[in-house]
Amino acid sequence: MDSMPVANEQSTDLEIFLAIQAQQVKALDLLYDRYGRLVYSTAVRILNSVEEAEEVTQETFLRLWERSEIYQPNRGSLSGFLIALTRSRSIDRLRSRKSSQAKLQRIKTFSDCGSHYNPPLEFVAVQERSNLVREALKQLSPADRELLETAYYEGLSQSEIARRDGIPLGTVKSRARQALKKLRAVLDPLV
Amino acid sequence: MIRPNDDTNQTDLVAGYILNDLSPDEVDRLDRALAEVPALSGEIESFQEAFSLLPYDLPLLEPSARLREKIISAASHSLADTSVKPLHANVVPLASPRRHNWKRWIPAIGTGIAAVAVAALGLNQIQLSQQSQQTIALQQQLEATNTELKRLRSELEANQGTLVRLSQPHTQVYALVGATSNPKNNRRATARLLAKSGDPNVTLFAQDLPKLPNNQVYRLWSVATPTATPTYCGQFRQDGSGTAQWVAPSAACTKNPLKFLITLDALTDPVTSAGPLVMRSST
C-alpha cells in the first residue's frame, strides 16, 4: 500500500514531510535538496568548522527521518524547524567546547499550548525567502542587526552580550527585543 | 492566523522569551498571560519563526557530495533494519518469523538449483540446453515468487497498522458520502474515516472517489460545532485501493468533531480557504 501523497520536486514541504513519515527515502533526498545548503550554512556560521557542520547537518536530517514525530506541522514551518534544530545542536556543541552552561530555560506553558499555526512561508520559494529576509534586515540599524545575529549564531544570553560589549544589560535587552519585534513586523507576511 | 490584541507588554515578553532573556518575574507574567490569552502561543510561534528566518540572509555554502550519500545511505540502512521488526511490539505477527526467514533462503535455493543444473551440464551435453532452460524458468519463477512475497508482506504490514488502529479503544469511524454523483458511473463516493481523539493519524478508505491528476489534492476539514469555521486537517490522494493515511496538522481535527468535509483543491491553493465540497460526513 502506498502512503499518500508521494513526494516529488513540486511537492510542498508538508507533503515531503508526510512522505518522510512514511519512510520514503526519496522524500528525505528531496528535503535535503531543498534545505541541505541552508542547514549546512547555518551550522558552518555557528560552528566555524566544516567538519562539525557536516556532522550537525547529518544529525539534523537523520533525526527528522528517525523521529518524525518531533516536528509538528501546526507549530511552524518545516524549514524553520530544521534551522531551529540545527541551531540548537550547533550551539550545544559550541557550548560544550567552551564550558558547561545552564541550558536554555524554556517555559513549560509554551509546550502545553495548542495552536492552529499554519505559516504562509511554505508558499514562498527559498530564494524569495532569502530576498525578503535581506530586505527586512536592511530596515534594522547595523548595531541592532549585529545584536540579533550575535544572539542567534553565538547563542549568547543578553547578560553575556552586555558583559562582552560593555553595555548596560537593560539597554541590550531593550534594543534586542525592539529589533526582534521590528523584524517580526516586517516579516509578518511570511510568519 | 489569529493574533492576540497588540499588547506592547505582552509582545515585549514574547520577544524576550524568544531571545531567552526573561527575568524570573517576566517568566511568571508571560505564564499568566498565556493562561489568560491562549492565542498568545501563536504569537510566540510567529516570533520564533521570524527569528528562525535569520539564516536565509547567509551566503549559501555547498556541502560535500559525500554528505548527501552518507545521509541517504544511513536512512536506507535504518529502513532495512526496521523492516524486519514488527510494527508494534504488542501485535502478534500473522505470519510466523520462520516464514520470514524462509524468504532469505530463496536466493540460496535458486543458486542451489542453478548449481545442480550446471553439474548436469557437465555430465551430459545433450541435456545442456534442456537444463539451462529449466534453470532459467526456475529462476524466473523464484524471482516472481520473491516479488509476490514482498508485495504481500508490505500489504500485511500496512493492514497490521489499520488493524491496530481499529482495535484501539476510542477509535471513531466516520462515514462520508459524496456531495454529487460520479458522472462516470452515476454513483456517489463513500468513505470511512478512522480517527482517534488525541491521535493525529488519520486513515481513510474510499470507494468511487475519482483519482486526481498531479496538480490536485483532496483536503480534509473538521467542523467542531454547527457555527464553527472548518479546520484544515491535511491533504491526500488515495492509493489504488482507495486508502490514504496521513497526519493531521492540528489536534482539533481528531477531537470528536461534529463532522468532516472533503474538498477538491489545487496543490498550490492556500490552506486558509477550501475548494469545492466533494464529500461530507453525517452529523
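All of the points below concern the structure found in this document. Since the model is a prediction, treat every value here as computed from it, not as a measurement. (Residues numbered from 1 in each chain as written. Chains lettered and ligands numbered in written order. Predicted model: local features only at pLDDT ≥ 70, side-chain atom pairs only at ≥ 80, totals over all residues. Heavy atoms only, no water.)

Further remarks concern the pattern of salt bridges. For the structure shown, the criterion picks out 25 salt bridges over all chains. Residue Arg-219 of chain B is joined to Asp-265 of chain B by a salt bridge in which the shortest nitrogen-to-oxygen separation is 4.0 Å. Within this pair, whereas Arg-219 of chain B is found in strand S4 (residues 216-223), its partner Asp-265 of chain B is found in strand S7 (residues 259-266), the two being separated by 46 residues in sequence. Linked through salt bridges whose partners overlap, the residues forming this network are Glu-52, Glu-55, Glu-59, Arg-89 and Arg-93 of chain A. (Salt bridge = Lys/Arg side-chain N within 4 Å of Asp/Glu carboxyl O. Helix = DSSP H or I, 4+ residues; strand = E, 2+ residues; numbered from the N terminus.)

All names here are of chain B. Across three bridges, the pairing between strand S1 (residues 171-182) and strand S8 (residues 277-281) is antiparallel. Note on S8: the bridge partner recorded for Val-177 is Arg-280. Both S7 and S8 contribute to a ladder of three bridges, which runs antiparallel. Residue pairing in the sheet places Ile-262 in a bridge with Met-279 of S8. (Pairing = 2+ DSSP bridges.)

All names here are of chain A. At their nearest, the axes of helix H8 (residues 158-165) and helix H9 (residues 169-186) sit 9 Å apart, and the two run at 120° to each other. Compared by their axis directions, H8 and H9 come out oblique. By crossing handedness, the relation of H8 to H9 is classed as right-handed. Counted together, Gln-158, Ser-159, Ile-161 and Ala-162 of H8 and Leu-169, Val-172, Lys-173 and Ala-176 of H9 form the full contact between these two elements. Taken together, the residues of the contact of H8 with H9 sort by class into five nonpolar, two polar and one charged. (Axes fitted to C-alpha atoms, helices over the stretch in contact; angles between N-to-C directions. Parallel < 35°, antiparallel > 145°, perpendicular 65-115°, else oblique. Left-handed = near helix turned anticlockwise from the far one by under 90°. Contact = heavy atoms within 4.5 Å. Nonpolar A, V, L, I, M, F, W, Y, C, P; charged D, E, K, R; others polar.)

Moving on, we get to the state of the cysteines. Residues and elements named next belong to chain B. Scanning the model with the defined rule gives one disulfide over all chains in all. At a sulfur-sulfur separation of 2.2 Å, the disulfide partner of Cys-233 is Cys-253. Given an S-S torsion of about -100°, the disulfide between Cys-233 and Cys-253 has left-handed geometry. Placement of the pair is Cys-233 in strand S5 (residues 231-236) and Cys-253 in the loop between strand S6 (243-247) and S7, with a sequence separation of 20 residues. An identical accessibility class is assigned to Cys-233 and Cys-253; each is buried. (Disulfide = S-S within 2.5 Å. Buried < 20%, exposed > 50% of the residue type's maximum accessible area, 1.4 Å probe, protein only.)

We now examine the interface of chain B and chain A. With 75 residues of chain B at the interface, the matching set in chain A holds 79 residues. When chain B packs against chain A, the two sides together hide about 7400 Å² of surface, and 62% of this comes from carbon and sulfur. For the interface between chain B and chain A, the tally reads 11 salt bridges. Of the charged contacts, one joins Arg-177 of chain A and Glu-26 of chain B as a salt bridge, the two residues approaching to 3.0 Å between their closest N and O atoms. Across the chain B-chain A interface, the total number found is 24 residue pairs in polar contact (both at pLDDT 80 or more). Secondary-structure elements contributing two or more residues to the side of chain B that touches chain A are helix H1 (8-18), helix H2 (24-36), helix H3 (40-52), helix H4 (65-83), helix H6 (127-167), S5 and S6 of chain B. For the side of chain B that touches chain A, the residue count by class is 39 nonpolar, 20 polar and 16 charged. (Buried area = accessible area lost by both parts, 1.4 Å probe. Polar contact = N/O pair within 3.5 Å; in protein donor to acceptor, adjacent residues only side chain to side chain.)

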